[in-house]
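Structural characterization, general
Here's the letter readout for the chains.
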Amino acid sequence: MARKTDIPSSYYGEPRKFDPAFRGPVHNRSCTDVVCCVIFIIGILGYIALGSVAWIHGDPRKVVFPTDSHGQFCGQQGTNNANKAILFYFNILRCASPSVLINLQCPTTQLCVSKCPDRFATYREMKRNYKNWEYYKQFCRPGFDNPDKPVDQVLRDEDCPSMIVPSRPFLQRCFPDFITRNGTLTVRNQRSFQDGDGVTRSVADLRDAANGIASLLDAKEVGMKIFEDYASSWYWILIGLVITMVVSLLFILLLRFTAGVLLWLVIFGVLAALGYGIWHCYWEFSSLRGNSDADVTLSQIGFQADFSIYLQLSQTWLVFMISLSVIEAIIIIILIFLRNRIRIAIALLKEGSRAIGYIMSTLFYPIITFFLLAICIAYWAMTAVFLSSSGDAVYKVMSTQSKCVYANQTCDPETFSQSSLPVACQGSQCAFAFYGGESLYHRYILLLQLCNLFLFLWLVNFTIALGQCTLAGAFASYYWALKKPQDIPSFPLFSSFGRAIRYHTGSLAFGALILAVVQFFRIGLEYLDHKLKGSHNAFTRFLLCCLKCCLWCLERFIKFMNRNAYIMIAIYGKNFCTSAKDALFLLMRNVVRVAVLDKVTDFLLFLGKLLISGSVGVLAFFFFTRKIPVIQEEVPSLNYYWVPLLTVIFGSYLVAHGFFNVYAMCVDTLFLCFLEDLETNDGSAARPFYMSNSLKNLFNKSNSRQPNIANGKPGSDKLTKAGKTRHR
């Protein structure tokens with residue numbers, strides 16, 4: 001086995017030869033990966049065709065509006081049901097579960113009504129007391145106004161419901177108005193009721209028929225309160241996000257002048273904040289420990305919409321304290337072992353802030369990426385909805401008799417009454433069941449949904465790739481300008497965007513395609529894992545876990561390689577495979593620097609994002625909990641203060657992530673250019689370095705401590721000699 005020192009100089013390729021005419025991104029370039037470009041364009045045209053077919057056959061009203069037994073939409077304008085937006089079930093006791101109700105496959109007549117019943121009543125009682133007929137008949141079939149018809153015949157033909165129970169609308173359907181009082185389930189303060197046959201039934205029977213509806217109604221109640229909180233606090237949430245944007249912009253601008261001081265302040269600021277958090281958690285835990293009410297475990301209380309309940313438990317603060325301690329320890333260990341490399345990373349970040357300062361337009365490019373991603377997401381969602389709503393109304397025989405042999409068979413509502421089925425199955429009816437079909441199009445709906453998902457992933461990854469290549473070209477123009485800013489070309493961002501679209505659409509689509517394939521299989525594995533979650537086969541779960549882990553690692557590696565390949569494409573204008581190979585070999589020839597510096601810069605940028613979003617989050621916490629006396633009266637009244645708080649924190653992190661992503665792309669581009677600069681130039685007057693003096697000095701200091709791998713040969717002192725030549 002060959003030793004590491006025996007690796008030949010050409011093992012990771014030869015360094016790029018010096019080109020005296022090279023002054024940054026190559027302008028004289030040609031189209032790359034044309035075949036993939038053609039396939040990508042065909043894919044886009046096919047996606048448009050897929051969306052068009054879905055829009056022709058689909059009908060979102062099938063998703064938006066519930067459908068009655070006659071296949072008519074409830075609440076649709078221009079129909080007889082325009083003012084009847086809620087679906088009512090004649091006999092909800094026949095329904096087995098909420099999923100049956102939501103899918104409209106309950107074996108009972110379903111009718112569109114304007115409001116749900118608000119009282120207990122039966123048809124037999126109404127017959128004895130006709131004064132309730134005017135109220136009761138609104139839940140009968142339209143046009144039925146014959147209370148003199150025999151009761152048994154009315155109930156058999158399901159002209160009217162045998163009973164009604166107090167209900168309230170949920171998902172535009174009438175569900176029993178369950179209320180739990182002192183641990184007892186009731187409906188309008190009653191624990192029992194009379195069914196249509198005069199039998200006394202327990203409210204628990206309604207609960208069993210609509211299993212889980214009580215919890216769903218609670219979820220709806222929480223959802224309404226959350227919506228109210230957003231409606232009353234959206235203005236302040238927007239202000240919080242604007243503050244984050246301003247702070248992120250100022251942070252990046254300050255890095256240009258005080259990168260070293262500011263980044264060390266960020267590091268120690270994060271450590272100090274974590275230290276205070278650990279102390280505060282320990283203080284809260286000590287004060288609550290021993291209190292019988294606070295010793296309840298998190299698993300015992302389950303999910304609570306009011307988060308303040310968790311803060312009254314000692315276990316909550318113990319979990320917080322342990323988590324913060326682990327994070328603090330990890331950060332300290334990283335700082336101890338990487339203290340020297342952090343100095344070079346800070347120099348790179350300072351150079352990145354200087355580049356962004358000269359090309360300020362790059363800070364606003366994420367808006368274009370966000371706009372394009374929003375279009376992709378909206379198109380995918382609309383196509384998915386139209387595909388899922390594609391189909392014709394399917395009617396099936398529904399019978400109250402368990403021995404009906406024709407039950408669940410398809411039928412035609414127009415000819416059902418003239419057929420022999422109503423005679424063979426007394427009380428049966430031809431009712432709407434679901435939307436579907438047996439045509440070729442309907443048989444391949446699932447395949448079309450998968451195509452929709454795959455093309456969506458491809459377009460999203462292409463949009464991200466376009467942004468990365470555009471930014472890389474702009475920042476490369478900055479680095480390879482010998483005299484900055486005089487030699488920086490005009491409108492570098494616009495020029496880079498034009499080159500990426502005109503020459504390298506195929507290369508960007510190729511990289512996006514590879515990543516989309518991996519992500520597609522990852523989603524498939526996640527779906528399979530979700531379906532097998534209840535499986536007790538340990539080997540199956542272990543195998544799925546291993547596959548998910550491998551695909552996750554593969555996706556991360558492909559993202560890393562694509563990112564560096566796009567940088568090389570932006571600079572030299574070669575195809576994707578060549579650019580990926582050149583980037584990989586360049587990184588491998590400098591693997592010691594890459595392995596550390598890449599992660600150190602990511603770590604420092606992550607700390608910056610954490611500090612900004614955390615600071616805005618703390619400010620939002622004090623504001624929404626009315627702990628700022630000056631503006632207490634301005635705080636809106638909230639059901640859950642954590643709703644706008646978490647929104648501000650998460651949104652702030654996304655805003656900061658958008659700005660710092662530009663910064664990260666800048667640093668990655670400058671770093672690759674820095675490595676190319678070291679390999680092709682020697683610092684002489686004929687072959688000067690393009691890097692800044694601070695970066696050169698820091699590299700020379702670190703180069704004496706680290707083995708150099710220039711020319712693919714560990715221990716090479718070429719760069720050290722070059723450094724001595726420069727200083728003579």
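Treat the numbers as computed from the prediction; the structure is a model and nothing was measured.

Scanning all chains against the criterion turns up 30 aromatic pairs. Note on tryptophan 317 and phenylalanine 320: the rings are 5.9 Å apart at their centroids and 85° apart in plane angle, and the pair reads as edge-to-face. In this pair, tryptophan 317 and phenylalanine 320 are both assigned in helix H10 (residues 314-337), 3 residues apart and thus about one turn of the helix distant. Residue phenylalanine 320 is classed as partly exposed on the basis of its relative accessible area of 37%. What links up through ring pairs into an aromatic cluster is the set Phe40, Phe454, Trp458, Phe462, Phe520 and Phe521. Sitting above the plane of the tyrosine 135 ring, arginine 119 keeps its charged end 3.7 Å from the centroid.

Glancing now at the nonpolar core. Grouped together as the largest cluster of nonpolar side chains are 96 residues, with contacts concentrated most on Ile331, Ile356, Leu508, Ile571, Leu604 and Tyr663. Broken down by element, this core gets its largest block of residues, 19 residues, from helix H15 (residues 445-479).

Before going further, it helps to spend a moment on the state of the cysteines. For the coordinates displayed, the defined rule picks out 3 disulfides. The side chain of cysteine 74 participates in a disulfide bridge whose partner is cysteine 112; the two sulfur atoms lie 1.9 Å from each other. Looking along the S-S bond of the cysteine 74-cysteine 112 disulfide, the torsion reads about -75°, which is the left-handed sense. Residue cysteine 74 is located in the loop between helix H2 (61-64) and strand S1 (86-89), and its partner cysteine 112 is located in strand S2 (residues 110-113); the two are separated by 38 residues in the primary sequence. Residue pairing for cysteine 140: its cysteine sulfur links by disulfide to cysteine 160, the two sulfurs lying 1.9 Å apart.

With that out of the way, let us pick up the pattern of salt bridges. Considering all chains together, one arrives at 6 salt bridges under this definition. Salt-bridge contacts for arginine 522 lead to glutamate 555; the nearest nitrogen and oxygen are separated by 2.6 Å. Here arginine 522 is found in helix H17 (residues 505-531), whereas its partner glutamate 555 is found in helix H18 (residues 538-572), with 33 residues between them in sequence. As a salt-bridge pair, glutamate 526 and lysine 548 come within 3.7 Å of each other at their nearest N and O atoms. Of this pair, glutamate 526 sits in helix H17 while lysine 548 sits in helix H18; the two residues are 22 residues apart in sequence, bridging distant segments of the chain. Using a relative accessible area of 23% as the deciding quantity, one classes lysine 548 as partly exposed.

Mapping glutamate 676 onto the fold places it in helix H21 (residues 642-680). By relative accessible area, glutamate 676 is classed as buried at 4%. With residues up to four places along the chain from it excluded, the contact list for glutamate 676 reads Arg16, Trp480, Met568, Tyr572 and Leu586.

What follows covers unusual backbone geometry. The phi torsion at aspartate 33 lies on the positive side, around 50°, for a residue other than glycine. Considering the arrangement of structural elements, one finds aspartate 33 in the segment before helix H1 (34-57). Within the chain, phenylalanine 491 stands out as a residue other than glycine whose phi angle is a positive 45°. With respect to the element layout, phenylalanine 491 can be found in the loop between H15 and helix H16 (492-503).

Moving on, we come to the confidence of the model for the protein chain. Note that predicted coordinates carrying low pLDDT should not be read in detail. For the protein chain, per-residue confidence averages 77 on the pLDDT scale, and 77% of positions sit at 70 or higher. Model confidence for the protein chain, summarised as mean pLDDT per element, is weakest for helix H23 (residues 718-727) at 36 and strongest for H1 at 93. Long-range and interchain partners of residues 212-217, a stretch whose pLDDT sits below 50, account for 10 contacts in this model, where long-range means more than four residues apart.

Let's shift gears to the packing of H15 against H17. Each pair of packed helices can be described by the angle between their axes along with the distance between the axes. The contact between H15 and H17 brings their axes to 8 Å, and the two run at 135°. One finds that H15 runs oblique with respect to H17. Along this stretch, H15 crosses H17, giving a crossing that reads as right-handed. Here Leu450, Leu453, Phe454, Leu457, Trp458, Asn461, Phe462, Ala465, Leu466 and Cys469 of H15 come into contact with H17, specifically with Thr505, Leu508, Ala509, Ala512, Leu513, Leu515, Ala516, Val517, Gln519, Phe520 and Ile523.

Turning our eyes to something else, we now look at the side chain of threonine 362. Mapped onto the elements of the fold, threonine 362 is located in the loop between helix H11 (339-358) and helix H12 (365-388). A relative accessible area of 0% means that threonine 362 is categorised as buried. The residues touching threonine 362, leaving out its near neighbours within four places in the chain, are Ile356, Leu471, Ala474, Phe475, Leu493 and Val662.

Here we come to the environment of glycine 75. Summarising the element assignment, glycine 75 is placed in the loop between H2 and S1. Every residue in contact with glycine 75, bar those within four places of it in the chain, is listed here: Phe65, Asn81, Ala82, Lys84 and Ala85.

Attention now moves to the environment of lysine 17. In this structure, lysine 17 sits in the segment before H1. Exposure remark for lysine 17: the relative accessible area of 75% places this residue in the exposed category. Placed 663 residues apart in sequence, lysine 17 and threonine 680 show a C-alpha to C-alpha distance of 5.9 Å.

Basis of the calculations
Residues numbered from 1 in each chain as written. Predicted model: local features only at pLDDT ≥ 70, side-chain atom pairs only at ≥ 80, totals over all residues. Heavy atoms only, no water. Phe/Tyr/Trp six-rings, centres within 6.5 Å; stacked < 30°, edge-to-face > 60°. Helix = DSSP H or I, 4+ residues; strand = E, 2+ residues; numbered from the N terminus. Buried < 20%, exposed > 50% of the residue type's maximum accessible area, 1.4 Å probe, protein only. Lys NZ or Arg CZ within 6 Å of the ring centre and 35° of its normal. Core = buried A, V, L, I, M, F, W, Y, C linked by side-chain atoms within 4.5 Å. Disulfide = S-S within 2.5 Å. Salt bridge = Lys/Arg side-chain N within 4 Å of Asp/Glu carboxyl O. Contact = heavy atoms within 4.5 Å. pLDDT = per-residue confidence, 0-100. Axes fitted to C-alpha atoms, helices over the stretch in contact; angles between N-to-C directions. Parallel < 35°, antiparallel > 145°, perpendicular 65-115°, else oblique. Left-handed = near helix turned anticlockwise from the far one by under 90°.

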